[in-house]
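# Descriptive analysis of the structure
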Amino acid sequence: MIADPPAMPIGVTAYGVPLTRIATDLGKPLVKNIAALGALHAATHLFPADTLLTAIRQALKDKCAMVALNEQAFAWGARMQAV
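Rules used in this analysis
Residues numbered from 1 in each chain as written. Predicted model: local features only at pLDDT ≥ 70, side-chain atom pairs only at ≥ 80, totals over all residues. Heavy atoms only, no water. Helix = DSSP H or I, 4+ residues; strand = E, 2+ residues; numbered from the N terminus. Buried < 20%, exposed > 50% of the residue type's maximum accessible area, 1.4 Å probe, protein only. Contact = heavy atoms within 4.5 Å. Core = buried A, V, L, I, M, F, W, Y, C linked by side-chain atoms within 4.5 Å. pLDDT = per-residue confidence, 0-100.

## Concerning the overall build of the chain
When helices and strands are counted, the chain shows 4 helices and 0 strands. For the chain, the succession of helices and strands along the chain, N to C, is α-α-α-α. Within the span of the chain, comprising 83 residues, buried residues form 27% of the whole. Counting contacts in the chain only where the partners sit at least 6 residues apart, residues at least 24 apart contribute 58% of the total.

## Structural notes on the nonpolar core
Ile-22, Leu-26, Val-31, Ile-34, Ile-56, Ala-73 and Phe-74 are the most contacted members of the largest nonpolar core, which has 16 residues in total. Every element with two or more residues in this core is listed here: helix 1 (19–25), helix 2 (32–44), helix 3 (49–59) and helix 4 (67–82). Take this core: its biggest share by element is 4 residues, from helix 4. If near-sequence neighbours (up to four positions away) are discounted, Ile-22 is found in contact with Val-17, Ala-35, Trp-76, Gly-77 and Met-80.

## Concerning the environment of Thr-44
Relative to the helices and strands, Thr-44 resides in helix 2. By relative accessible area, which is 36% here, Thr-44 ends up partly exposed. With 28 residues separating them along the chain, Thr-44 and Gly-16 place their C-alpha atoms 14 Å apart.

## So, the confidence of the model for the chain
Low pLDDT marks stretches whose predicted atomic positions should not be read closely. In the predicted model, the chain carries a mean pLDDT of 92, and the fraction of residues at 70 or more is 95%. Across the chain, the element-wise mean pLDDT spans from 91 in helix 4 up to 97 in helix 3.

## Considerations on the environment of His-41
Relative to the helices and strands, His-41 resides in helix 2. Spatially, the C-alpha atom of His-41 lies 13 Å from that of Val-17, the residues being 24 residues apart in sequence. With residues near it in sequence (within four places) discarded, His-41 still touches Phe-47, Pro-48, Ala-49, Leu-52 and Phe-74.

## Let's talk about the side chain of Asn-70
Here Asn-70 shows up in helix 4. The exposure class of Asn-70 is buried, given its relative accessible area of 6%. If near-sequence neighbours (up to four positions away) are discounted, Asn-70 is found in contact with Val-31, Ile-34, Ile-56 and Leu-60.

Printed below as a string of structure tokens:
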């Protein structure tokens, strides 16, 4: 967590996304990294969302019960970045 972000050089944009709060609200602090991935996607569109979600599903293929929660964390992160 960064309470007071440093000044950014010209041309660099920083976004504040409450990742810990998102993960806590979803009931699983471990998903804040996936919320961060959703925020990164919303800010950059480096890859299509489906590509990232497919990678998440593949990574969790042995933990199927976690897929929906991680998809939700991705979506919340993307929405919060846009705020």
